[in-house]
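Observations on the model geometry
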Amino acid sequence: MTESMRSLVERLKAKNPAEPEFHQAVAEVFESLELVMERYPEYRAANILERVVEPERVIMFRVPWTDDQGVVHVNRGFRIEMNSAIGPYKGGLRFHPSVNLGILKFLAFEQVFKNSLTTLPMGGGKGGSDFDPKGKSDNEVMRFCQSFMTELARHIGPDTDVPAGDIGVGGREIGYLFGQYKRIRNEFTGVLTGKGLNWGGSLIRPEATGYGSVYFASEMLATRKQTLKDKICLVSGSGNVAQYTVEKILELGGKVVTMSDSSGYIYDEAGIDRKKLDFLMELKNVRRGRIKEYAEEFKNVVYTPLEGRMEFNPLWNHKAHCAFPSATQNEINARDAEHLVKNGVYCVAEGANMPTTLDGVKIFLDAKILYGPGKAANAGGVATSGLEMAQNSMRLPWTREEVDQRLHMIMKGIHKACVETAERFGTPGNYVNGANIAGFLKVADAMMDQGLV
Amino acid sequence: MPKDADINELSTIGSYIDPMWVEHGYGTRFQGFQNLMRRRIRDILIVSSLYDLYLFEEDGRLYELIRNEYQGLRLSHAPELTRVSSGRNAIAIAQEERRFDLIISTLHIEDMSALQLARMVKETGLDIPVVLLANDNRELNELMMHHDTSVFSGIFIWQGDYRLIIGIIKQLEDKMNVEHDTKMVGVQSIILIEDNVRFYSSYLPILYTELLNQSQRLISEGINLSHQYLRMRARPKILLCKTYEEAWGYFERYEEYILGIVSDLDFPRGGEPDAHAGLALLRAVRESHQDIPFLLQSTSTEHEEEIHALGGTLLIKESPTLLHQLRLFMTEYFSFGDFVFRLADGREVGRASDLRSLEQQLRYVPSESIRYHAERNHFSNWLKARTEFWLAHQLRPRKVSDYPTLEHLRQDLIRSLHEYQRLRQRGIITQFSKETFDPESSFARIGSGSLGGKARGLGFVNILLNNYDIRDKIEGILIHVPPAIVLSTEVFDRFLEENELRSFALEEEDDGIITKRFLEAKRFPEDTLGELAAFLDLMKVPLAVRSSSLLEDSQYHPFAGVYETYMIPNNHPDPFVRLGALVNTIKRVYASTFYRAAKDYIKMASYRLEEEKMAVIVQKMVGSQRENRFYPEISGVAKSHNFYPLPPQKSEDGIVSVALGLGKMIVDGGPTVRFCPKYPQHIHQHFSATETLRTSQNEFYALELFSSQSEEGEYEDVTLRRHRLSTAETDGTLHRLGSTYSSENDRLYDGISRSGTRVVTFAPILKHKLFPLPEILELLLDMGRWGMGTQVEIEFAVNLSPVNEGRREFGLLQMRPLVLSKESDSFQLGAYDESRVLCSSPQALGHGVMKDIFDIVVVNKNTFERSATTIVAAEVAGLNEKLVAARKPYILIGVGRWGSLDPWLGIPVKWGNICGARAIVEADFADIDVAPSQGSHFFQNITSFMIGYFSINNRLKNGSLDWGWLLTSPAVEETKYVRHLRFSQPVIVAIQGHNHNGLILKPENDSGRK
């Protein structure tokens, strides 16, 4: 970090005390931007950094509601409209007792660059309330959502600010919020994303993250003139992301040999084919059983229980070409990263959020393998929000294929931005740098263009 | 109904109230019978020199004898005896522990005289009665002659009968409760006037033994739990007096409720010894009451004639058969024995031992005899002595002159008795007979022994259901105890004896061998076999065979889950095969009495295995057949007290766990839906679709009706099978309990009409009121809590498919007292020196005391940074692994929300990372206020493992935590963020579930107690 950046962070802390999450997020972003500020003196003159850390608008409001017993409660509602340089504010709403200004500012700040990286016209924002949906009846949740939206409605709109869901805000809450917005404004518009399929929602939402990470991987492979065809792939997890990762890999001709859940993982040397995947999807989505049953169902499958005490995850210790960590945070540590590299894996695309520890990332970068960080590789999830907005604006829902195709294009775009940016800043093939900088550049340039606003 | 029926009102209100109400205390609801004998003596401090003690009994025996006596008389729990040998110690311990209800001092104690002790107790302001128990008559006389002994609450002399202790206790209790109990339901009293310590010391044990035995006899008549409890409490009281004035005072006050008087002839009157005080008292009593039995004791026959003329009885004190005669008198005059019909000249013309024979005799005895007894209130006296207060009060005001003829009186008596018995019959456990057993509703017994805890509980519930009119309270729903027969412990005894299995079973340690031998046992009591065959002839539906042991469900040691339960399809076409299967299953239950787990448990609970006997309940299963499966739609467990209430719930609102299919899912700790019957729409685990999916049931249990399993080597539950939810959907049982998850919309839809993932949420019932489950449970918990006089736990099953007359069926399978151990009560928040307290919290969840924790894992508040919580989580997980491997439970202390999803708000551990923790402390951050999680992230685990959960908020002064001590005590291991402390003494955790006060004490050697 440069001296001026450091002093900016100090000023930020003084100005916004008791927001440590926000301080740290800013510091992290700044660290990755040192090179940028060196090369773009005009940013310094325009004081871009100081402008980008200050929310364009913060809305804080009272949300009164009555519970089923008639007791009056008051919660605090927030909407941080962080940055609208490249599009209407976009970002989730979180209902959780822990919600406060600092946390939301931190989330909104990160959202700006995530959205920018998708290449779609979406600004950044975040909002929510310290309301705890735990132990609340449907009616109480509805009354809260209606009260919340009664105030929020005057600040948002399909061309202004388009909130989505987050922790504590799922399909049910989005429904209640949308209903109240529609009632107050008397207009049916795409003011929220995450809507129900038959009233403005988009297809391919559950699939997007998994599909996207595979698209990203095949773009990375393409830089080495390769495709996924016949590539042996290690996939971890068995939830949405993992399932659709496997599905897309199969479509593109690859061969998946592992999947896992919290209790253990299976190694199927013959590969998980469509039929086996269908079994697994039924097992996980409908019966909600353990992955062990997969090993009991099919021949020549090795099941290995995963124990917390292990110092490495044996799933990552198989001969393969590609790896798709799609389970949880920190599932690849330094030891696992070494195993992967040693076993010939040269392409890692992160479907999960931050699945690789910092040490692990360093090993990948040092080994110069194709490493697609989650920020870029799993941006497919964020992108579908944008696609939902687009369909709403057109008043025309796309078919699965159309959405999938758009998703593919978006992932290609993200990949391209990462590669080009990395190269431009002297670290060719470093997708981490590429992703960090590309998101920022787009926003900063737009701010420069639009003048001091 | 008036809330608190006054004595004088009793006779008038009696005319329009339902006898069941009075009988069971319903009339006054919460102030009824179960509130009798409210004040009890539970803890006794004995102060005695070792030598004195030795004279009483060899050391240690006294307590055992008393305990046995209490058990034999089925009194509630025996008092605890604590002994000290010096007066100073006695006062110190009494002051400190504040739990003693009575001090018994012998004449000789180490550092002072008994008299000094009694005075000191008074002076120190301790409100504890002190009783002197002497063992030497001469010494005692000396003391009483020269000193004022009024400071003692009683003086007794030891004559070798340990039951005297019981007499002392009961006598004091009676004095404490007489006012309240008489007012409440008209409990009767016996006045005992005797100033001679030696005499009353020998009378008291006899009188009480007789009284208790009398109640005992009535109990066996009552044959159900409610009578048993209530009758014990409603037994007559004994009021011991030493002067005329004292006795007269009692007489005037409780006139109508005096069962009889046992008096000395010579005792103080007007402050002076009066050789004829007894006679004077008799005369005075007779002025208003001709019929109160009066026993006078004298050393001579001097006044015999006058006494007889006044209707009294004389006993000669020196008579070698004095005690025997006393007993005879009680039996006859206190109506403790049979009702003897006599003519005016004393000739016996009939005899009745219970209500039924009384009714019968009334039809035949000469009307002269009826007049004789009616004029003297003999009927009501006899009934009262049997605690049939309601009927007694009904009859008492009726005068012979009220009836045109004696025949009218006779008919009225017969009618009243008959009607009363009919009412009382409802819900009683009758002897099984094929003719009267109703396969839809009966609850009958086979054999004459005890029914065991579980069956007794069921019988009790059955009565409550009937008397409360709950059976039909909710339209379209049959609420009942499913029809059952109980094989009493007598059958168990006979089986063991006939096959000579007892000593083998006591010694054998291998469960498998025991089962094998039991199954091979050839002899099964013949008559029982016949009755079982008759029963099976009526019941061709699946049966549950469950243990009901003597010790099971005892209020203090719940044996829930120690013994086995079996289910049998009972559907073979050949009745002999069905009988064979049932008998084998019964043998298995018998065998399980001697299983390892049961042996261990009994040892732990300090019972003796020989004492244990097994009754067996054979009960119709609740459920319906679907293809090859039999199961109820809903099984559940409801508790009237919730140790982990989350707003808006309160502890007393109770908590329910329900699952689809058989209850094994719940018993095994599988996924269930937990709800509070008062707030059925506020389901904590359903706050998000993901969480609902994670915590909901995906399989269920059903009984396999046509099993291909062989009989040999078959163990528990082979006839039970797990099924997928899709099976329930095909069976048509899921649509009343299910919701559907749509991954496309990330939303849960109630009902299963859409396509998507099926989830058992019970939403159609809890939210859309398809079935009034919460209402029924609220009602039953309320009823149970009141009926048992304690918190209760109910097991139930619901069959939503119409069965009985098109009604749906709610089966109550068990009700037992919910054990709220009182141990934690002795750990009061304010009672400890601040330096001793590690942590205190007014919002702790859980209940009980843990004394086996020596380890603490604490997050170092000073090095902690909110940005490093994931590292902290990893460090905690590492220590957890080590401690779990070493089987060391520990206390986990940290800041912020444990298990937070957001790493900024707490330490983002998963349950597996902290699974060895037995108590968890969640303290606040220094910088921001975060709502405590109260363990909500792993709520299921916390509740099912009964983990203690403490929330501390220093800033709001909500609780305290000694950080200084935690961070300075030497650590066994220390990482950057986490410290592991280990102590040689336990760190005690105590939580009082009823008020959510929690306390953690530092190990003993680290600081002193206040």
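Residues numbered from 1 in each chain as written. Chains lettered and ligands numbered in written order. Predicted model: local features only at pLDDT ≥ 70, side-chain atom pairs only at ≥ 80, totals over all residues. Heavy atoms only, no water.

**Some remarks on the packing of helix H2 (residues 20-32) of chain A against helix H6 (residues 101-117) of chain A**
Residue and element names in this part refer to chain A. The line we're drawing: Fitting a line to C-alpha atoms yields each axis, with helices limited to the stretch in contact; the angle taken between N-to-C directions then spans 0 to 180 degrees. Note on conventions: DSSP H or I runs of at least 4 residues are helices, E runs of at least 2 residues are strands, and numbering of each starts at the N terminus. In these notes the angle categories are as follows: under 35 degrees is roughly parallel, over 145 is roughly antiparallel, 65 to 115 is roughly perpendicular, and the rest is oblique. Between two residues, a contact is recorded if the distance between any of their heavy atoms is within 4.5 Å. Any residue that is not Ala, Val, Leu, Ile, Met, Phe, Trp, Tyr, Cys, Pro, Asp, Glu, Lys or Arg is counted as polar, Gly included; the first ten are nonpolar and the last four charged.
At a closest axis distance of 7 Å, the pairing of H2 and H6 adopts a crossing angle of 25°. When the axes of H2 and H6 are compared, the pair comes out roughly parallel. Across the interface between the two elements, Glu21, Phe22, Ala25, Val26 and Val29 of H2 pack against Gly102, Ile103, Lys105, Phe106, Phe109 and Phe113 of H6. In terms of residue class, the contact of H2 with H6 is built from eight nonpolar, one polar and two charged.

**Some remarks on the side chain of His415(A)**
Residue and element names in this part refer to chain A. Convention followed: Throughout, exposure labels follow a simple rule: accessible area from a 1.4 Å probe, protein chains only, divided by the maximum for the residue type, with under 20% read as buried, over 50% as exposed, and the rest as partly exposed.
Position of His415 relative to the elements: it lies in helix H17 (residues 400-424). When its relative accessible area of 5% is taken as the criterion, His415 is described as buried. Aside from chain neighbours lying at most four places away, what touches His415 is Phe216, Glu219, Met220, Thr223 and Tyr431.

**As for the pattern of salt bridges**
Keep this limit in mind: Any Lys or Arg side-chain nitrogen found within 4 Å of a carboxyl oxygen on Asp or Glu counts as a salt bridge.
All told, the structure shown has 63 salt bridges over all chains when counted by the stated rule. Measuring nitrogen to oxygen at the nearest pair gives 2.6 Å for the salt bridge that ties Asp855(B) to Arg982(B). Note that Asp855(B) is positioned in strand E37 (residues 855-859) and Arg982(B) in strand E43 (residues 978-982), a separation of 127 residues in sequence. Classification of Asp855(B) by relative accessible area gives buried; the value is 1%. A cluster of three or more residues bridged by salt bridges with shared partners is formed by Asp138(A), Arg172(A), Glu173(A), Asp750(B) and Lys767(B).

**Quick notes on the nonpolar core**
Side chains of a nonpolar character, in soluble globular proteins, are inclined to be buried together. Formally: As used in this record, nonpolar core signifies buried Ala, Val, Leu, Ile, Met, Phe, Trp, Tyr and Cys residues forming a set joined through side-chain atoms within 4.5 Å.
Core analysis: the largest hydrophobic core is formed by 74 residues, its most contacted members being Tyr294(A), Phe324(A) and Ile414(A). Top element by residues in this core is helix H9 (residues 205-222) of chain A. It accounts for eight residues. Not counting the four nearest positions on each side in its chain, Ile414(A) is found in contact with Leu117(A), Thr118(A), Thr119(A), Phe216(A), Ala376(A) and Ala379(A). Counting 67 residues, the second largest nonpolar core, distinct from the first, contains Leu133(B), Ile155(B), Ile206(B) and Leu240(B).

**Some thoughts on the sheet that holds strand E28 (residues 720-724) of chain B**
Picture the strands of a sheet paired through backbone hydrogen bonds; they go either parallel or antiparallel. Residues and elements named next belong to chain B. Threshold: Two strands form a pair only when DSSP identifies at least two bridges running between them.
Pairing is antiparallel across the open sheet formed by four strands, whose spatial order is E22-E23-E27-E28. Only two strands of the sheet have a single neighbouring strand rather than two, namely strand E22 (624-626) and E28. When the angles between neighbouring strand axes are averaged without regard to direction, this sheet yields 45°.

**Overview of the sheet that holds strand E18 (residues 484-487) of chain B**
Residues and elements named next belong to chain B. A sheet is described by the order of its strands in space; here six strands give the open sequence E15-E16-E18-E21-E19-E20, paired in mixed fashion. The open sheet has two edge strands, strand E15 (430-431) and strand E20 (565-568), and neither has a second partner. Note that strand E19 (residues 543-549) and E20 share four bridges and pair antiparallel. Across the sheet, Leu543 pairs through a bridge with Ile568, a residue of E20. Contacts from helix H21 (residues 489-498) reach strand E16 (443-446), E18 and strand E21 (614-620), with the element oriented near 120° to E21. Sheet strands in contact with helix H25 (residues 575-592) are E18, E19, E20 and E21, and its direction is about 140° off that of E21.

**Points about the packing of H6(A) against helix H18 (residues 431-450) of chain A**
Residues and elements named next belong to chain A. Following both chains from N to C, one finds H6 and H18 inclined at 95°, their axes separated by 8 Å at the closest point. With respect to H18, the element H6 is oriented roughly perpendicular. Taken together, the residues of H18 that come into contact with H6 (itself represented by Val112, Phe113, Ser116 and Leu117) are Ala435, Ala438, Gly439, Phe440, Lys442 and Val443. Of the residues belonging to the contact of H6 with H18, the class tally is seven nonpolar, two polar and one charged.

On their own, these measurements won't tell you what the molecule is for.
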